[in-house]
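Now for the letters of each chain:
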Amino acid sequence: MAAPVGPGGARLADLTVGVVGYVPIDHKTNYYSSKSPTWQRKFPGSAGACDGWAGWWPDPLVPGDRLSLAANQTAAAWLTVRVPTDAAPGDYRGMVRLVSQGRALAEMPYTVRVWDFALPERRSVGAIYDVRFG
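Attention in this report is confined to the structure presented alongside it.

Scoring rules and cut-offs
Residues numbered from 1 in each chain as written. Predicted model: local features only at pLDDT ≥ 70, side-chain atom pairs only at ≥ 80, totals over all residues. Heavy atoms only, no water. Pairing = 2+ DSSP bridges. Helix = DSSP H or I, 4+ residues; strand = E, 2+ residues; numbered from the N terminus. Salt bridge = Lys/Arg side-chain N within 4 Å of Asp/Glu carboxyl O. Buried < 20%, exposed > 50% of the residue type's maximum accessible area, 1.4 Å probe, protein only. Axes fitted to C-alpha atoms, helices over the stretch in contact; angles between N-to-C directions.

**Notes on the pairing of strand β2 (residues 15-25)**
Consecutive residues of a regular strand have side chains that alternate between opposite faces of the sheet.
Thinking step 1. As paired strands, β2 and strand β4 (residues 77-81) are joined by 5 bridges and run antiparallel to one another. Bridged to Val19 within β4 is Ala77.
Thinking step 2. Bridge count for β2 against strand β3 (residues 55-63) is 7 bridges, and the pairing is antiparallel. Residue Pro24 lies in a different strand from β3, and its bridge partner there is Trp56.

**Concerning the pattern of salt bridges**
Thinking step 1. Overall, the coordinates contain 3 salt bridges when judged by the stated rule.
Thinking step 2. Linking Asp91 and Arg93 is a salt bridge whose minimum nitrogen-to-oxygen distance equals 3.8 Å.
Thinking step 3. Exposure remark for Asp91: the relative accessible area of 23% places this residue in the partly exposed category.
Thinking step 4. Note that Arg113 and Asp91 form a salt bridge whose closest N and O atoms lie 2.8 Å from each other. Of the two residues, Arg113 is situated in strand β6 (residues 103-114) and Asp91 in strand β5 (residues 90-100); the sequence distance between them amounts to 22 residues.
Thinking step 5. Several salt bridges share partner residues, and in doing so they unite Asp91, Arg93 and Arg113 into one network.

**A few points about the sheet that holds β6**
Thinking step 1. Across the sheet, which stays open at both edges, the 3 strands sit in the order β1-β5-β6 with antiparallel pairing between neighbours. Each end of this open sheet is capped by a strand with a single partner; those strands are β1 (2-5) and β6. Each strand of the sheet is rotated relative to its neighbour by a mean of 20°, with strand direction disregarded.
Thinking step 2. In this structure, β5 lies alongside β6, joined through 11 bridges in antiparallel fashion. Within β6, the position partnered with Gly94 by the bridge is Tyr110.

Without other data, these values stay purely geometric and don't point to any function.
Written as C-alpha cells, this is what we have:
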C-alpha cells in the first residue's frame, strides 16, 4: 500500500490496516438487560424485533494487512489514515495493491480529502440519542 501523496508532495504516512472480522449472530436481537456474567452466553427470552437477521456480521477490526481467501469468498479490509493537524488541505492520492505470492492481482486508487480545519483534541459534547416507542 502506498501512502497518499498530496499538495507539494506531502505524504500522509500514518496508515493502519485492519481486516474486518465476522461474528456469528444466532438470532435477531433487541435491547435487553441481563444480570448474568459478561462471559456467559446469552439466549433470547423472546423473539427479536430489530431490523437485523441471523448470520455472520462484520464487527471486529483485526490488526494486520494479510487476507486468506478461499475460492468464491469475499473479505473486507479497513484502512485508517491519521492526518496531522498541520497537514496541508487538499486531495491526497494513494494506491492499494492486492498481491499473491509476489504477483500483483489488482490495484485500487483511493483519495483522502483534507479540509482546511482541525478537530479539537478534546471532545466537549457527550451525547446519546435513543428513541423507544411504547
